[in-house]
Amino acid sequence: MTTRPHERDVSSLKGRTVSVQEILDLFEVRVRDHRTVHRISQALTDAGLTTLPDFAVCGLRSTVDVVPLAAVPAQRTPADTDDEADATDEALPSHVLPQRLLLGDIPSARRGVVSVGPGTPLSQTTFLMRTKGLAQVPVTTGMAQVHGVVTWGSVAKMYEAGKAATLDNAMEKDSLPVADARQEFFAALPVIREHGYLLVRGDDGCLSGIVTAADVTDRFEGAARPFFIVGEIESLLRRCLGAALDAEAIKAVQTNKKPEHRTGQVSDLMFGDYLRLLDGDQTKQSFAERADRNWEALKWPNMPREQFVGLLKRVKDIRNRIAHFDEKPLPPEMIDELTTFAKVLRAFAS
């Protein structure tokens, strides 16, 4: 739940450069979603303020400038009507996505490092690697000075070369892959691909974590998979609705556009429009009555409408959470909800 602070506390932000996390803490918000972002934006607007860049699109550790709203002529105030709010929720591409992804935004880059000292026996080091499931262990002094890295590959090379089984002989020492947490993530991908890992230094110059090829895979599976599932859901919805509804039914929900710009094409619908087309319990009676006719036109006698619309609302909420960039990946239960709804649609779209 979002807690609205006293107006003077919000006003005290004026002219300051603060982290996104500070703003969320002020409102006692843990996770950004379309509701909490809207409420924070409304409070800032009421105080005559906004942020540059938009706090909703930055990483939690990113900083924003809190400036007077009048200094940003193009800034839109938070929506006052349901239609405008839905339009805000729909803004998924370009300006909603994060502007930069840093190495420090990858969780393992800040998770800490398991390391050993220069005098550690090799047998203890490899035992540590086996028991903790580590593919590489840095050899460090105080986490600031890196002497080398022991990997399973470097151990194998030592034995192939017939060298004595010592920590010094088992270390990779030359051209170690080390980068700063503030470096852009995509610029570091070639290094991770070449070495299989990347040591990351934090703001204090000490090792703060290791990013491996597996971390990259996990991060982008968690980030990309929901986008693809939501994309499939939208495609299936449009296929079903486009086959059953005429242009006038589509135009009736395109209220965010001027009448002359309402195309009547299902491909131009926003996600909130799907609910207006099908939800018989919505507040506006005219929409609810049309929705009843639209549902009949779908000819889905074995589909429980209330449950279907309930799932559609959940998908809309999850979609909006994806749109308002959150560094944390979607919880598995939310991905399961998306996957379940996609399966339901596949059965009725075929």
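Here we summarise the structure given alongside this text. (Residues numbered from 1 in each chain as written. Predicted model: local features only at pLDDT ≥ 70, side-chain atom pairs only at ≥ 80, totals over all residues. Heavy atoms only, no water.)

Let's talk about the packing of helix H5 (residues 122-132) against helix H6 (residues 152-160)
Phase 1: Interhelical geometry of H5 versus H6 gives an angle of 140° and a closest axis separation of 12 Å. The orientation of H5 with respect to H6, classified from their angle, is oblique. Relative to H6, H5 is oriented so that their crossing is left-handed. Contact residues: Leu122, Thr126, Met129 and Arg130 in H5; Trp152, Val155 and Met158 in H6. (Axes fitted to C-alpha atoms, helices over the stretch in contact; angles between N-to-C directions. Helix = DSSP H or I, 4+ residues; strand = E, 2+ residues; numbered from the N terminus. Parallel < 35°, antiparallel > 145°, perpendicular 65-115°, else oblique. Left-handed = near helix turned anticlockwise from the far one by under 90°. Contact = heavy atoms within 4.5 Å.)

Focus: unusual backbone geometry
Phase 1: For Met143, which is not a glycine, the phi torsion comes out positive at approximately 65°.
Phase 2: You will see that Lys299, though not glycine, has its phi angle at about 55°, which is positive.
Phase 3: On the secondary structure map, Lys299 appears in the loop between helix H12 (285-298) and helix H13 (305-323).
Phase 4: What makes Lys299 exposed here is its relative accessible area of 65%. (Buried < 20%, exposed > 50% of the residue type's maximum accessible area, 1.4 Å probe, protein only.)

Regarding the nonpolar core
Phase 1: Counting residues in hydrophobic clusters, the biggest one holds 37 residues, and the most contacted among them are Ile233 and Phe308.
Phase 2: For this core, the secondary structure elements donating two or more residues are helix H9 (213-244), helix H10 (247-251), helix H11 (271-278), H12, H13 and helix H14 (332-349).
Phase 3: Among residues more than four places away in sequence, those in contact with Ile233 are Phe271, Val315, Leu338, Phe341, Ala342 and Leu345.
Phase 4: Counting residues in each nonpolar core, the second largest holds 19 residues, with Val10, Val20, Leu24 and Ala56 among its members. (Core = buried A, V, L, I, M, F, W, Y, C linked by side-chain atoms within 4.5 Å.)

With respect to H12
Phase 1: Along its 14 residues, H12 runs 20 Å from first to last C-alpha, staying within 8% of the 20 Å computed at 1.5 Å per residue.
Phase 2: Burial in H12 covers these residues: Phe287, Ala288, Ala291, Asn294, Trp295 and Leu298. For H12, the buried positions fall inside an angular range of 120° around the axis, keeping them on one side. Turned more than 90 degrees away from the buried face of H12, the exposed residues are Gln285, Arg293 and Glu296.
Phase 3: Looking one or two residues beyond H12, the residue adopting positive phi is Lys299, at roughly 55°. (Expected span 1.5 Å × (residues − 1). Arc of directions from axis to C-beta.)

So, the packing of H11 against H12
Phase 1: Between H11 and H12, the least distance of the axes is 6 Å, while the angle of their chain directions is 85°. Between H11 and H12, the crossing angle belongs to the class labelled roughly perpendicular. Mapping the contact onto sequence places Arg276, Leu277 and Leu278 in H11 and Phe287, Ala291, Asn294, Trp295 and Leu298 in H12.
Phase 2: Here the contact of H11 with H12 is composed, by residue class, of 6 nonpolar, 1 polar and 1 charged. (Nonpolar A, V, L, I, M, F, W, Y, C, P; charged D, E, K, R; others polar.)

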